[in-house]
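Residues per chain, in single letters:
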Amino acid sequence: MDSNRILTHAAQAIASCNNAITALAFAIIAFILYYTYEFRKNSDLHKIPGPYLFALTKWRLALEDWRGTRTMCLRNLHEQYGPAVRVGPTEVSFASQDALRTIYGAGSGFERTSFYRMFDVYGRQNLFTFGPARQHAERKKALAHAYSKTTVLHPEATATPLIQKNVRSYLALIESQRNDDNDKTRGHEIFHSLHWFSLDSITGFLYGDRFGGTHALQQSHHSCDQDRRLLDDILDPARRRLSWFAVHLPKYTRWLYTRTGLLEKVVQILRLLPMDKPSTYTAIRAHALKSWYSFEESLTTDSTEIQPISERDLSTSQSIMGRLYQHNLSSQIKTGSLRTSSCLMDGLDMASELADHLLAGIDTTSDAIMFAIWALSRPEQAHYQARLLDEVAAMSDANGEIDQHGNPTADASDKLPFLAAVIKETLRLYAPLPATEPRMRTSSKGALIDGWRIPAETVVGMDPYTMHRNPEIFREPLVFRPDRWLAGQGSETDDEHATMRRWFWAFSSGGRMCIGMHLAMAEMTMLLAAIYRKYTTRLHFKQQNASPGITSRFEVFCDETMPNITEHECWVHFDPIENVNKAA
Ligand code: HEM
């Protein structure tokens with residue numbers, strides 16, 4: 001090849017290289033212009049403060065989700081940018097009372113977003129996942145009475161005797177572990193045992209003893225081990241990764257988990273599943289479905305016609321399953337139809353509803369009780385434990401405050417002011433569901449929230465974590481101080497108390513507020529009152545300088561002031577009060 005030809009080739013190569021660089025440069029500029037246009041297109045959202053990258057792409061917030069730092073990040077962004085922050089191209093986070101009323105107030109027109117559809121069960125929607133207010137309101141009407149405070153605290157209805165029984169089983173479990181242990185330094189791991197307590201309570205309440213009530217607390221019961229294993233897939237930390245995939249890549253995740261045969265094997269070999277099968281909630285959902293089918297079967301054994309529940313089976317007729325079934329049956333009789341209106345349910349609708357309550361009622365309540373015991377057991381908070389011990393010790397048999405087994409009654413436990421303050425402070429600082437509750441208005445009308453014009457289809461949300469740590473509302477927000485809730489006892493004025501109560505948001509608010517709140521409160525008050533009448537608690541050495549950690553969605557939550565975390569574990573000692581008194 002002569003030198004001219006070489007030069008010509010070289011010139012051509014350089015020219016084509018230049019063309020490629022020019023094309024790339026154009027592509028980058030076009031990309032930036034496109035995104036800048038997209039970013040600015042919505043001039044209303046564009047005015048809301050927030051970091052540029054978050055507004056540019058939803059994957060920036062998804063990265064925080066992946067790292068498990070979403071809620072902490074939102075709180076920091078609110079500290080930096082104020083009560084309204086744009087956290088995605090079409091997502092805004094709020095932290096103000098005006099926003100709370102506008103978004104979550106009854107009849108606000110804001111609905112739960114598609115985010116909640118990952119909680120559909122057996123392919124059916126339920127109270128938790130319904131978007132439209134009308135559908136949701138009809139279902140809530142069918143259930144509200146059974147969850148009311150009057151029903152929950154009624155001494156002869158299902159909840160109270162059931163929780164009393166579970167409290168006794170819990171105390172018996174503490175005692176048996178204490179007696180079994182030759183090594184008195186071993187201590188008690190309460191994260192798991194409190195899950196057993198809440199599992200037995202919610203299954204008994206929903207299904208009754210005959211059809212699905214569990215016995216995880218009763219070591220001598222034949223189903224104890226099997227019932228405890230129902231929780232295995234909930235307590236697996238891989239559940240957080242699965243939540244991330246389910247939220248951010250829902251179609252892909254559904255595809256992965258519905259493969260069968262050879263493809264299923266390929267998916268497994270390539271380790272594509274975010275969480276190995278059985279994935280979260282598999283065991284609980286299977287248990288819930290089995291309970292429903294055995295109940296349904298019992299209704300049709302004697303006849304081909306479905307019958308009302310027999311009067312003699314009181315525990316079943318008073319369970320949520322029995323009540324829901326009766327309610328549906330009477331609606332069917334009234335309308336003469338099996339499932340023509342959205343308020344009527346078929347078997348799977350009812351099974352889905354019950355399964356969802358089962359899932360909602362386990363971690364929440366047990367995590368809250370665990371944090372209360374952990375907080376009271378810390379040496380720096382010994383004076384709060386002493387105050388609670390005094391309060392429960394003063395309960396008297398003569399006033400009917402103690403039941404025949406020597407434990408505080410439901411009604412009396414509900415009326416203890418200091419215990420109520422301990423629980424409220426626990427739920428403030430360690431809310432079991434601390435993350436964003438996303439909502440959206442789908443009607444073409446947007447909304448004015450806290451002075452900002454928000455177009456329809458924008459995801460808006462608030463989170464208890466940020467609300468509960470606002471230093472302008474809660475003095476020393478990271479400090480566990482139950483007496484802040486007691487009028488005339490902390491340094492807060494009456495006005496400050498009223499403001500704090502408005503900012504307390506552990507159970508949400510408005511039409512979508514937690515339906516299980518009174519049940520959860522009864523479980524918490526009765527168990528804590530009974531424990532502190534018999535025992536003092538102190539931290540085990542494994543818990544020194546370590547906060548227990550709980551899972552909620554993609555994140556682990558703990559006491560952020562502690563240097564270490566014990567994830568899904570919490571170790572304490574229970575010392576019988578008479579021993580403590582003798583030693584003193
Ligand atoms: C300390 C315990 C509990 C806490 C802190 C709690 C908190 C909450 C919160 C914050 C919500 C709203 C979530 C959202 O919109 O994203 C909620 C809803 C709900 N909770 Fe609870 N919960 C607790 C216990 C329970 C229990 C024991 C049940 C048992 C049935 C339950 C059943 C539900 C249901 C069915 C909903 C949906 C209500 C609706 O949409 O109308 N929760 N809960």
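Along each chain, residue indices are assigned from 1 in the same order as the chain's sequence is written. Per-residue local features of the predicted model are confined to residues with pLDDT of at least 70, and side-chain atom pairs are confined, for both listing and counting, to 80 or more; whole-chain, interface and lining totals are unaffected and use all residues. As a rule here, side-chain values come from all non-hydrogen atoms in the structure, and water together with hydrogens is ignored.

A. Local environment of the site of the ligand. The rule for a residue being near a molecule or strand is that one of its heavy atoms must lie within 4 Å of it. Residues in contact with the ligand amount to 28 residues; listed here are only the nearest, Arg112, Tyr116, His136, Lys140 and Cys514. Arg112 is positioned such that a nitrogen or oxygen atom in its side chain is 2.7 Å from an oxygen atom of the ligand. Within 3.5 Å is the distance limit for a polar contact, defined as a pair of N or O atoms, with the added protein rule that one can donate a hydrogen and the other accept it, and that residues adjacent in sequence qualify only through two side-chain atoms. A distance of 2.5 Å is found between an oxygen atom of the ligand and a side-chain nitrogen or oxygen belonging to Tyr116. Per the convention used, a helix needs a DSSP run of H or I reaching at least four residues, while a strand needs a run of E reaching at least two, with both numbered from the N terminus. At the level of elements, α7 (133-144), α19 (347-360), α20 (363-377) and α26 (517-534) are the ones that each hand at least two residues to the shell around the ligand. When its residues are assigned to classes, the shell around the ligand shows 15 nonpolar, eight polar and five charged. Under the scheme applied here, ten amino acids are nonpolar (Ala, Val, Leu, Ile, Met, Phe, Trp, Tyr, Cys and Pro), four are charged (Asp, Glu, Lys and Arg), and all others, including Gly, are polar.

B. Molecular detail of the packing of helix α10 (residues 190-211) against α26. Between α10 and α26, the shortest axis-to-axis distance is 11 Å and the interhelical angle comes to 135°. The orientation of α10 relative to α26 falls into the category oblique. The handedness of the crossing between α10 and α26 comes out as right-handed. Facing Leu194, Phe197, Ser198, Ser201, Ile202 and Phe205 of α10, the residues of α26 in contact are Leu519, Glu523 and Leu527. Fitted lines through C-alpha atoms give the axes, limited to the stretch in contact for helices. The angle between two N-to-C directions lies from 0 to 180 degrees. Angles are sorted into four bins: roughly parallel if under 35 degrees, roughly antiparallel if over 145, roughly perpendicular if 65 to 115, and oblique for all others. The crossing is said to be left-handed when, going from far helix to near helix, the turn is anticlockwise and less than a right angle, and right-handed when the turn is clockwise. Note on definitions: a residue-residue contact is assigned when non-hydrogen atoms from the two residues lie within 4.5 Å.

C. Spotlight on the confidence of the model for the protein. Mean pLDDT over the protein: 90, with 92% of residues reaching 70 or higher. Taken together, the chains of this predicted complex give a pTM of 0.91 and an interface ipTM of 0.99. pLDDT is defined as a per-residue confidence score from the predictor, taking values between 0 and 100.

D. Structural view of α19. Multiply 1.5 Å by the residue count of a helix minus one, and that product is the helix's expected span. An ideal rise of 1.5 Å per residue puts 20 Å on 14 residues; α19 measures up with 20 Å between its terminal C-alpha atoms. Here α19 lies mainly inside the structure; 12 of its 14 residues are buried. When we look at burial in α19, the residues that qualify are Gly347, Asp349, Met350, Ala351, Ser352, Glu353, Leu354, Ala355, Asp356, His357, Leu358 and Leu359. Two or three places before Leu348, at the start of α19, stands the capping residue Asp346, its side-chain oxygen 3.2 Å from that residue's backbone nitrogen. With a 1.4 Å probe rolled over the protein chains alone, any residue whose accessible area is under 20% of its type maximum counts as buried; one over 50% counts as exposed, and the rest are partly exposed.

E. Just the sheet that holds strand β1 (residues 84-88), in detail. Here the rule is simple: two strands pair whenever DSSP picks up at least two bridges between them. The strand order across the open sheet built from five strands is β1-β2-β8-β5-β3, with neighbouring strands paired in mixed fashion. Each edge of the sheet is formed by a strand with only one pairing partner; in this case those strands are β1 and β3 (111-112). Of the pairings in the sheet, the one linking β1 to strand β2 (residues 91-94) comprises four bridges and is antiparallel in character. Bridge assignment links Gly88 to a residue of β2, and that residue is Glu91. The strands that helix α5 (residues 70-81) touches are β1 and β2; relative to β1, the one it contacts most, it runs at about 135°.

F. Here's a closer look at the nonpolar core. By nonpolar core we mean a set of buried residues, namely Ala, Val, Leu, Ile, Met, Phe, Trp, Tyr and Cys, connected to one another through side-chain atoms within 4.5 Å. Ranked by internal contacts, the top residues of the largest apolar core, which has 127 residues, are Phe94, Tyr170, Ile190, Leu358, Ile373, Ile449 and Tyr532. Ranked by the residues each element gives to this core, the list is headed by α26, at 12 residues. Residue contacts for Ile373: discarding those within four places in its chain leaves Ile190, Leu194, Leu528, Ile531, Tyr532, Thr537 and Val572.

G. Local environment of a nonpolar patch on the surface. On the surface, Tyr252, Trp255, Leu262, Leu263, Val266, Leu270 and Leu272 cluster together into a nonpolar patch covering about 650 Å² of accessible area. At the level of secondary structure, the elements contributing two or more residues to the nonpolar patch comprise α14 (250-257) and α15 (261-269). The biggest single contributor to the nonpolar patch is α15, with three residues. By the element assignment, Trp255 lies in helix α14. By definition, no residue in a patch forms a salt bridge, and every one has over 30% relative accessible area; like charges are joined within 9 Å, nonpolar side chains (Val, Leu, Ile, Met, Phe, Trp, Tyr) within 5 Å. Methods summary: accessible areas were calculated by the Shrake-Rupley approach with a probe of 1.4 Å, and residue burial reflects only the protein chains presented. Salt bridges, as used here, are contacts in which a Lys or Arg side-chain nitrogen is within 4 Å of a carboxyl oxygen on Asp or Glu.

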